[in-house]
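Summary of structural features
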Amino acid sequence: MGGIMQIVYFGLYDDVDTWPTKTTAPTTLATAANLTGDLEMKAGKKMYQLYLTDDTGEFKCEMVGEIDGHSFVYHLSVFHPGMQDKVVGFLNAIKNENLVFIVIDSDGQKYVMGDALRPAILASSPDGIGTGKTTAARKGVSMEFTAKTPRIHIYTGNIPLTEAI
Amino acid sequence: MWQEYFKLVKLKPGKVVTALLGEIDFSNDSVPIEKIKLLYENGFPYLEITDEGKAQLYGIHRTYNNNLAKGIPKSGRKNRRSSIYDA
């Protein structure tokens, strides 16, 4: 089943205490994909939820680089309906911020955007931020986040939505 | 109910999207104990079992004096066995 869940989870990059680890010498193809351990936040910090309109979210892995030097760029695009003060404030707060995202696809498989070396960032607004032209138009905020990664990994840990102690 | 047997660690009570069972609100004491036990047994990193939990769920009872329970002699006797008279 395609698509992603209607919630994505995010946190500030500097608030991450422990990153899930990559297998250094995988013995199977599955272990080459899976991260182990949990993404844990520093004391007093937590992860948050961002709502998106159903069927507007997409997670993609773009292959970049040249032969023998390939890597990937994760792309997460979402549309948040409306222009409430909370989402406008969110945009203002994160527009130049280093972030981390956990995205869950429609089969329940999870992906982390950002790792110990590189954050996820807000890259663009592919469908704009605004009211639309007509009364029937879709008003809201479109956002695309990206993160560079040497390999694609699946996250198998938990997502705490409450403050770490 | 479950909070008699387990305690949440490293996090303030609240919601966690668990890898095994989806979202669970750990501030709610009425979460079924079977779910909490399943998480604990599968290595969920934010749960610790209490002494009450060990006793009620796994039949492990705390011993207050291990030496007496196991019948281990006092240190003085143990030392005597390793003296020159044992040679």
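The rules behind the values
Residues numbered from 1 in each chain as written. Chains lettered and ligands numbered in written order. Predicted model: local features only at pLDDT ≥ 70, side-chain atom pairs only at ≥ 80, totals over all residues. Helix = DSSP H or I, 4+ residues; strand = E, 2+ residues; numbered from the N terminus. Buried ≥ 20, exposed ≤ 12 C-beta atoms within 10 Å, placed from the backbone. Contact = placed C-beta atoms within 7 Å. Nonpolar A, V, L, I, M, F, W, Y, C, P; charged D, E, K, R; others polar. Pairing = 2+ DSSP bridges. Axes fitted to C-alpha atoms, helices over the stretch in contact; angles between N-to-C directions. Core = buried A, V, L, I, M, F, W, Y, C linked by C-beta atoms within 7 Å.

Looking only at helices and strands, chain B has four helices and four strands in total. Listing the helices and strands of chain B from first to last along the sequence gives β-β-β-α-β-α-α-α. Considering chain B as a whole, with its 87 residues, one finds that 18% of them fall into the buried category. Sequence-distant contacts, at least 24 apart, represent 55% of the contacts inside chain B between residues at least 6 apart.

Taken together, the 11 residues of chain A in the interface contact 11 residues of chain B. When the residues that make up the side of chain A that touches chain B are grouped by side-chain class, the tally is five nonpolar, four polar and two charged. Pairing of strand 12 (residues 159-160) of chain A with strand 2 (residues 15-18) of chain B involves two bridges; the strand directions are antiparallel. Within strand 2 of chain B, the position partnered with P160 of chain A by the bridge is V16 of chain B.

Time to look at the sheet that holds strand 4 (residues 48-51) of chain A. Residue and element names in this part refer to chain A. A sheet is described by the order of its strands in space; here four strands give the open sequence 4-1-7-8, paired in antiparallel fashion. Two strands bound the open sheet, and with one partner strand each, they are strand 4 and strand 8 (110-113). Strand-to-strand, the axes of this sheet are offset by a mean angle of 25°, without reference to chain direction. Here four bridges tie strand 1 (residues 7-12) to strand 7 (residues 99-104), and the two strands are oriented antiparallel to one another. Of the residues in strand 7, the one forming a bridge with L12 is L99.

All right, on to the nonpolar core then. All names here are of chain A. V8, L76, V100, F101, V103, V112 and M113 are the most contacted members of the largest nonpolar core, which totals 44 residues. With six residues, the top contributor of residues to this core is strand 7. Aside from chain neighbours lying at most four places away, what touches V112 is P20, L35, L39, V100, I102, H153 and Y155.

Next up on the list: the pairing of strand 1 of chain A. Looking at chain direction, strand 1 of chain A and strand 4 of chain A are connected through four bridges and run antiparallel. Paired with I7 of chain A across the bridge in strand 4 of chain A is Y51 of chain A.

Our focus in this paragraph is the environment of L39 of chain A. Residue and element names in this part refer to chain A. Among the secondary structure elements, L39 is positioned in the loop between helix 1 (29-33) and strand 3 (40-41). Exposure remark for L39: the 24 C-beta atoms within 10 Å place this residue in the buried category. Spatially, the C-alpha atom of L39 lies 42 Å from that of K133, the residues being 94 residues apart in sequence.

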